[in-house]
Amino acid sequence: MEVHIKRSVHITVTVDASFKKKYIVLVSRLIEELRHQLRAITISADDLAADDPYRAFLTQRMFETRLKVDQLMHQIATVKACKDGEDFTLSRLEGYTTLNEGQAFLSNLIPVVVHVSNDQVTTISG
């Protein structure tokens, strides 16, 4: 019998000038898109009465969108602070693994680390 379980996957990148530039441009575009969404949500919320339940929903969406913008701005600041050759955790994802009877259990719970350098996957460990 086999069972599929979630497993954390960490993506790390060796920072260089090229990566910094590409990453900052990408994240800046995401921030601009989120700010555009925030403006649209704000306009919609302003047109509603204060006690309208939909306004409460839109207010929650505004807070979530602002949080995403702040998180992305923090990511830019973090990558700017990295020196060339340092590792930067780009993302933490959910993956899945298969457990079989007789298989070592704990080795399937620790995160898998995918390391990228020069836009190529260099190692996968875990």
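Right, let's walk through the structure included here. Keep in mind it's a predicted model, so treat the numbers as computed, not measured.

1. Remarks on the sheet that holds strand β2 (residues 87–100)
Here's step 1: Judged by pairing direction, the sheet is mixed, and its four strands sit side by side in the order β2-β1-β3-β4 without closing on themselves. The sheet terminates laterally at β2 and β4 (120–125), the two strands that pair on one side only. On average, adjacent strands in this sheet sit at an angle of 25° to one another, irrespective of strand direction.
Here's step 2: Bridge count for strand β1 (residues 2–14) against β2 is 13 bridges, and the pairing is antiparallel. In the sheet register, Lys6 faces β2, and the bridge partner there is Tyr96.

2. Thoughts on the environment of Val79
Here's step 1: You can see Val79 is positioned in helix α2 (residues 53–81).
Here's step 2: For Val79, a relative accessible area of 0% gives the class buried.
Here's step 3: Discounting chain neighbours no more than four positions away, the residues touching Val79 are Phe19, Lys20, Tyr23, Ile24 and Phe88.

3. Examining the layout of surface pockets
Over the atoms, a rolled probe matching the size of one water molecule traces out where space is still vacant.
Here's step 1: Space inside the largest pocket adds up to approximately 230 Å³.
Here's step 2: Together, 13 residues line the largest pocket, and Val13, Phe19, Lys22, Val116 and Asp119 are the ones closest to its centre.
Here's step 3: Counting residues per element, the lining of the largest pocket draws most heavily on helix α1 (residues 17–46), which supplies five residues.
Here's step 4: Its residues assigned to classes, the lining of the largest pocket comprises six nonpolar, four polar and three charged.

4. Considering the packing of α1 against α2
Here's step 1: One way to put it is that α1 packs onto α2 with a least axis distance of 9 Å and a crossing angle of 165°. Of the possible angle classes, the one that applies to α1 and α2 is roughly antiparallel. Considering how the two elements wind past one another, α1 and α2 form a crossing that is left-handed.
Here's step 2: Each residue belonging to the contact of α1 with α2 can be placed in one class, and the counts come to 17 nonpolar, five polar and eight charged.

Conventions and cut-offs
Residues numbered from 1 in each chain as written. Predicted model: local features only at pLDDT ≥ 70, side-chain atom pairs only at ≥ 80, totals over all residues. Heavy atoms only, no water. Pairing = 2+ DSSP bridges. Helix = DSSP H or I, 4+ residues; strand = E, 2+ residues; numbered from the N terminus. Axes fitted to C-alpha atoms, helices over the stretch in contact; angles between N-to-C directions. Buried < 20%, exposed > 50% of the residue type's maximum accessible area, 1.4 Å probe, protein only. Contact = heavy atoms within 4.5 Å. 1 Å grid on protein atoms, 1.4 Å probe; cavity = no way out; pocket = protein on both sides within 12 Å on 5 of 7 lines; lining within 4 Å. Points joined across faces, edges and corners; volume = space filled by probe spheres on them. Nonpolar A, V, L, I, M, F, W, Y, C, P; charged D, E, K, R; others polar. Parallel < 35°, antiparallel > 145°, perpendicular 65-115°, else oblique. Left-handed = near helix turned anticlockwise from the far one by under 90°.

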